[in-house]
2 protein chains.
Amino acid sequence: MADKARRTRAFEEVLLQVERRISDDGLRVGDRLPGERQLAEQLKVSRASVREALRVLETLGVVSSQAGRGPDAGAILTSRPDSALTDLLRLSLGLSSLSLREVIDTRLMLERWSAEQAAQAVRRTSPDPSPGALSASGPDAMTRAIGAMEAAATAEEFVEHDIAFHVAIAEASGNRLVAAVMRALRDAMRRYAIEAVDRLGDTSVLREDHHRIHNTITSGDAAGAIDAVTTHLAHAYPELF
Amino acid sequence: MADKARRTRAFEEVLLQVERRISDDGLRVGDRLPGERQLAEQLKVSRASVREALRVLETLGVVSSQAGRGPDAGAILTSRPDSALTDLLRLSLGLSSLSLREVIDTRLMLERWSAEQAAQAVRRTSPDPSPGALSASGPDAMTRAIGAMEAAATAEEFVEHDIAFHVAIAEASGNRLVAAVMRALRDAMRRYAIEAVDRLGDTSVLREDHHRIHNTITSGDAAGAIDAVTTHLAHAYPELF
DNA sequence: CACCGAGTATGGTCAGACCATACTTTAGGA
DNA sequence: TCCTAAAGTATGGTCTGACCATACTCGGTG
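This brings us to the protein's contact with DNA strand D. Around DNA strand D there are 24 residues in total, and A:R9, A:A10, A:S49, A:R69 and B:R47 lie nearest to it. Backbone atoms, meaning sugar and phosphate, form 65% of the atoms of DNA strand D found within 4 Å of the protein. Side-chain polar atom of B:R47 to a base nitrogen of DNA strand D: 2.8 Å apart, as the coordinates give it. Contributions of two or more residues to the surface near DNA strand D are made by α3 (47-59) of chain A together with α2 (36-43), α3 (47-59) and β2 (74-77) of chain B. When residues in the surface near DNA strand D are grouped by element, the largest group, three residues, is from α3(B).

Structure below.
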């Protein structure tokens, strides 16, 4: 007969209602949701179903739960899509549903775009080529990450700060969505980055690349920044170019 | 004292164990997870906690649960990151945690990259400029979507097939990650796309753009394709350019 | 006024029960 | 022998009610 669609489960109804409440009531980050017991009573479902819905929302980075009492307790609306994106990509990689090639191609797209936008942002804020002029915490974070990479003793440490460096570029682009995707991508492929660094053995080429990327961006040289990050990726993953 | 990190909850332990099992045992898409009761007994937690973990995995598009008995029943591993991405973006937009500007800038990046890659893919598979040579279902889907848009009576219908058209381009690029992000992005901003079409009133400009995009891609003209999608986005969202 | 303990509302967890579903097995009959 | 219908059973879906740990709130006490 009809009814091909699986009957909606109780927690899905809760999800719909909560999302409706968010958009209709204009709830903002920081606002609180009703307690689990109260929500269960309002929606005529069990607390277990409410909890499953809240778990979904927590996974999507929309709510954050705190036990105890007071203004900070309960489920409050947040917005941290980063960890959700990271989990998503990491699990997809683990299931071999995405190839490393696809992920790195995507990363190259993000890196080129971010570097270009970051350099253009520099040019906009300071038409004269004066170094260190980014408004956000971008350049500080970039400089700090470069320094930390010089001192890194292990591949793990190096990759840690390498991620921070490239995420700082994405943040300097001014686009939080791109920055979130970049962060998730790098976190999810952290393992493969460490392997790549181990295979290379010497990180001097990568470190030189980083300086060139940093210089081109802070001097507002968009075309040069694009070329620099492209060369950098080719150095890190020569087998894919 | 120490212990700043919140004590890990029971379902988080289940998540870790299941993910470890996936990567250690080399589980693949289609494989089955133990039943909820069995998993609860193995991990010494309640079934409710197991269910919360499974709900998280389902949200991330990693498992899909089917009731009943037999080979298809239980929690089987899947890989559908699309809906998770869509939910993520839609909720982030709903919470105003991302601006429309950021989303559309990201879309422009994806569109330009996809169009370029799709055109290059055509050139690789058929060096001679013969029309309709994409290996995947890309060109068929693109052609079909263009036809459906001609027949669309409402903005909703038009946007529906517009999404299909642009997702087909992303799929023709051969990168499933980019295609998934494109699909999620378009689904999440469907509402705004409909508003934009309503504001325009006349869709003839957009339809002409689609033909040009399609022609440049199927003729392998990468630079032309990039320019065509850029112009198209400018027509759809003139206020952002 | 400062401190400390009882009260209480919150999320976190558990055990156990029941339902709906859908395959598996078995008994019955053609 | 073969087909069909009924019984069996394992699965996820839901609910109830209880208890714990946490952390704020309030009131009493010094």
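Here the focus is the protein's contact with DNA strand C. Taken together, 25 residues surround DNA strand C, and among them A:R47, A:G68, B:R9, B:A10 and B:S49 come closest. At a separation of 2.8 Å, a base nitrogen of DNA strand C approaches a polar side-chain atom of A:R47. The contact in question runs from a phosphate oxygen of DNA strand C to an N or O atom on the side chain of A:R55, over 3.4 Å. Those elements that provide at least two residues to the surface near DNA strand C are α2 (36-43), α3, β1 (63-66) and β2 (74-77) of chain A together with α3 of chain B. If you tally residues by element for the surface near DNA strand C, the top one is α3(A), at three residues.

A word on the relation of the copies chain A and chain B. Under the fitted operation, chain A is carried onto chain B by 0.0 Å of movement along the axis and a turn of 180°, and the coordinates agree to an RMSD of 0.1 Å. Those values place the two copies in the arrangement expected of a two-fold rotation axis. Both copies present the same face, since 100% of the interface residues in chain A are matched by interface residues at the equivalent positions in chain B.

A few words on the interface of chain A and chain B. Listed by partner, the interface residues are 49 residues for chain A and 49 residues for chain B. Here chain A packs against chain B, burying approximately 4400 Å² in sum over the two surfaces, 62% of which is carbon and sulfur. Of all residues in chain A, A:L95, A:M109 and A:L177 give up the largest surface area on contact with chain B, accounting jointly for 16% of the area buried on that side. On inspection of chain A and its partner chain B, the count reaches ten salt bridges. Here B:R90 ties to A:E19 by a salt bridge, and the two come within 2.7 Å at their closest N and O atoms. There are 20 residue pairs in polar contact (both at pLDDT 80 or more) connecting chain A and chain B. Broken down by secondary-structure element, the contributors of at least two residues to the side of chain A that touches chain B are α1 (10-24), α3, β1, α4 (81-94), α5 (100-125) and α8 (176-188) of chain A. Looking at the side of chain A that touches chain B element by element, the count peaks at nine residues for α4(A). Classifying every residue of the side of chain A that touches chain B gives 24 nonpolar, twelve polar and 13 charged.

Cut-off values and rules
Residues numbered from 1 in each chain as written. Chains lettered and ligands numbered in written order. Predicted model: local features only at pLDDT ≥ 70, side-chain atom pairs only at ≥ 80, totals over all residues. Heavy atoms only, no water. Near = heavy atom within 4 Å. Polar contact = N/O pair within 3.5 Å; in protein donor to acceptor, adjacent residues only side chain to side chain. Helix = DSSP H or I, 4+ residues; strand = E, 2+ residues; numbered from the N terminus. Least-squares fit on C-alpha atoms with pLDDT ≥ 70 in both. Contact = heavy atoms within 4.5 Å. Buried area = accessible area lost by both parts, 1.4 Å probe. Salt bridge = Lys/Arg side-chain N within 4 Å of Asp/Glu carboxyl O. Nonpolar A, V, L, I, M, F, W, Y, C, P; charged D, E, K, R; others polar.

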